[in-house]
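# Secondary and tertiary structure notes
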Amino acid sequence: MDNPVDPTLMDLADGRLRLRGGRCAACDEIHFPVGTACPRCGGDDIRVEPLADEGVLWSWTVQRFPPPSPPYVPSAAEFTPFGLGYVELPGQVIVESLLTECDPARLHIGMPMRLVEFSVPTESGETAVTFAFTPWEGHAS
Ligand SMILES: [Zn+2]
């Protein structure tokens, strides 16, 4: 795997990319990304644990204009629309994520999604790995 864009967000476990969530020892709330305090109760005993790598699409949109640069690297002329969504990891947390799909005809709320690696260009001209969710049709949910 290339270098992660942000190693605090994800890990490789058994060769599979997993997001790092934080579980509050006091109230059991799971949050992402991992913070120093629980967003529900303010507790500071946060245990890092891998989140599920499967979920369902909770909401989505298509980004049709370039984000501010930096941090976005490609020029406006190179921009292609991309999907942005919220993916619910059942019983855990809702995660904001890039989507590998940006065709509105192929996205619908409630569809199964799976976590994948997603390479992005960096300012140094190399690539780095971030995460995205991809439609997982065919999966019996
Ligand atoms: Zn808590």
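By convention here, each chain's residues receive numbers from 1 onward along its written sequence. Predicted model: local features are reported for residues with pLDDT of at least 70 only, side-chain atom pairs are reported and counted for 80 or more only, and whole-chain, interface and lining totals are derived from all residues. Hydrogens and water are ignored here; the side-chain numbers use all heavy atoms of the structure.

## Focus on the overall build of the chain
Numbering of helices and strands runs from the N terminus; a helix is a DSSP stretch of H or I covering at least four residues, while a strand is a stretch of E covering at least two. Broken down by element type, the chain carries 0 helices and 9 strands. Along the chain, helices and strands appear, N-terminal first, in the series β-β-β-β-β-β-β-β-β. The globule rule used for comparison is 2.2 Å times the number of residues to the exponent 0.38, while the radius of gyration itself is calculated over C-alpha atoms. Against the globule reference of 14 Å for 141 residues, the chain gives a C-alpha radius of gyration of 16 Å, in line with a compact fold. Across its three principal directions, the C-alpha atoms of the chain cover 50 × 40 × 30 Å. Only protein chains enter the calculation, and the probe is 1.4 Å; a residue is then buried if its accessible area is under 20% of its type maximum, exposed if over 50%, and partly exposed in between. Within the chain, buried positions represent 32% of all 141 residues. For the chain, contacts bridging at least 24 residues in sequence account for 51% of all contacts bridging at least 6. About 8200 Å² of surface is accessible on the chain, with carbon and sulfur atoms providing 51% of the total. The positive charge centre, built from 9 side chains, and the negative charge centre, built from 20, are 5 Å apart in the chain. When checking whether two residues touch, look at their non-hydrogen atoms; a contact exists if any pair is within 4.5 Å. Computed with a 1.4 Å probe, the accessible areas rest on the Shrake-Rupley method; for each residue, only the protein chains presented here act as cover. Positive charges come from Lys and Arg, negative ones from Asp and Glu, while His and the chain ends are left out of the count. Charge placement uses NZ in Lys and CZ in Arg. For Asp and Glu, CG and CD serve respectively.

## Some details on the sheet that holds strand S8 (residues 112–121)
Strands are labelled as partners when DSSP assigns at least two bridges between them. Taken in spatial order, the 5 strands of this closed barrel run S5-S6-S7-S9-S8, and their pairing is mixed. Taken pair by pair, the neighbouring strands of this sheet meet at an average axis angle of 40 degrees, ignoring direction. Two strands pair when backbone bridges link them, and strand S7 (residues 93–99) and strand S9 (residues 127–135) are joined in this way by 2 bridges, in the parallel orientation. When the sheet's bridge partners are listed, Leu99 is paired in S9 with Phe133. The axes used here are C-alpha line fits, helices contributing only the stretch in contact, and every angle between their N-to-C directions lies in the interval 0 to 180 degrees.

## Considering the coordination of the zinc ion
Distances from the zinc ion to its protein donors, namely Cys24 (SG), Cys27 (SG), Cys38 (SG) and Cys41 (SG), fall within the range 2.3 Å. With water omitted from the atoms examined, metal sites may look incomplete; donors here are N, O and S atoms no farther than 2.8 Å from the metal, or 3.2 Å in the case of Na, K and Ca. Four donors are marked tetrahedral only if all angles between them lie between 85 and 135 degrees, whereas four are marked square planar and six octahedral if opposite donors are more than 155 degrees apart and the other angles lie between 65 and 115; the remainder are marked irregular. Geometry at the zinc ion is tetrahedral, judged from the 4 donor atoms that bind it and their angles of 104 to 117 degrees at the metal. Written as a sequence motif, the donor residues of the zinc ion are C-x2-C-x10-C-x2-C. You can see Cys27 sitting in the loop between strand S2 (16–24) and strand S3 (30–31) and its partner Cys38 sitting in the loop between S3 and strand S4 (46–50), a full 11 residues away along the chain.

## Quick word on the packing of aromatic side chains
The geometry of an aromatic ring pair is captured by the separation of the ring centres together with the interplanar angle, meaning the angle of the planes. A pair of aromatic rings is counted whenever rings of Phe, Tyr or Trp (Trp by its six-membered ring) have centres within 6.5 Å, and the orientation is called stacked for planes under 30 degrees apart, edge-to-face for over 60 and tilted otherwise. A full pass over the atoms with the stated rule returns 3 aromatic pairs. With a centroid separation of 5.9 Å and 80 degrees between ring planes, the pair formed by Phe32 and Phe131 is classed as edge-to-face. Here Phe32, found in the loop between S3 and S4, pairs with Phe131, found in strand S9; they are 99 residues apart in sequence, far enough to count as distant. Residue classification places Phe32 among the buried residues on the basis of a relative accessible area of 16%. What makes Phe131 buried here is its relative accessible area of 7%. On the numbers, 6.0 Å between centres and 80 degrees between planes, the contact of Trp58 with Tyr86 is edge-to-face. Linking Trp58 in strand S5 (residues 54–63) with Tyr86 in strand S6 (residues 82–89), this pair joins segments that are 28 residues apart in sequence. With relative accessibility at 36%, the residue Tyr86 sits in the partly exposed group.

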